[in-house]
Amino acid sequence: MRRYFTTTIGGLAHLGTPDYEDDIGFTPPTTTLCGIQSATWSRNLVRPAAWSKRKPGSVCASCDRTALWQAVMANRIN
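Computed from a predicted model, the values in this text were never measured in an experiment.

### Points about a nonpolar patch on the surface
A contiguous nonpolar surface patch, about 390 Å² in accessible area, is contributed by Leu-68, Trp-69, Val-72 and Met-73. Relative to the helices and strands, Leu-68 is located in helix 2 (residues 61-77).

Here is the structure:
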């Protein structure tokens, strides 16, 4: 299951590139899923179930939509 790094930019929560390697540790992404540069990331990775509990309007719609399509495509391939 994908787990995402998060950052807050302009009052909106954004998602970073998913982390696939549990053994490697914290590897911060350089951009959000919507393409904004960021150097500040959470150390805790968020799971999709936790992300979906956030209030609408408090998250970047583009990052949210991209993560949804990544999940859909991963399920289609598997």
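### Some remarks on the nonpolar core
Judged by nonpolar contacts, Tyr-4, Ala-13, Leu-15, Val-46, Trp-51, Val-59, Cys-60, Cys-63 and Ala-67 together constitute the single largest core of 9 residues. Elements with a minimum of two residues in this core: strand 2 (12-19) and helix 2. Each residue touching Cys-63, except ones within four places of it in the same chain, is listed here: His-14, Leu-15, Thr-32, Leu-33 and Cys-34.

Conventions we followed
Residues numbered from 1 in each chain as written. Predicted model: local features only at pLDDT ≥ 70, side-chain atom pairs only at ≥ 80, totals over all residues. Heavy atoms only, no water. Patch = residues over 30% accessible without salt bridge, like charges linked within 9 Å, V, L, I, M, F, W, Y side chains within 5 Å. Areas by Shrake-Rupley, 256 points an atom, 1.4 Å probe, with all protein chains shown as cover. Salt bridge = Lys/Arg side-chain N within 4 Å of Asp/Glu carboxyl O. Helix = DSSP H or I, 4+ residues; strand = E, 2+ residues; numbered from the N terminus. Core = buried A, V, L, I, M, F, W, Y, C linked by side-chain atoms within 4.5 Å. Buried < 20%, exposed > 50% of the residue type's maximum accessible area, 1.4 Å probe, protein only. Contact = heavy atoms within 4.5 Å.

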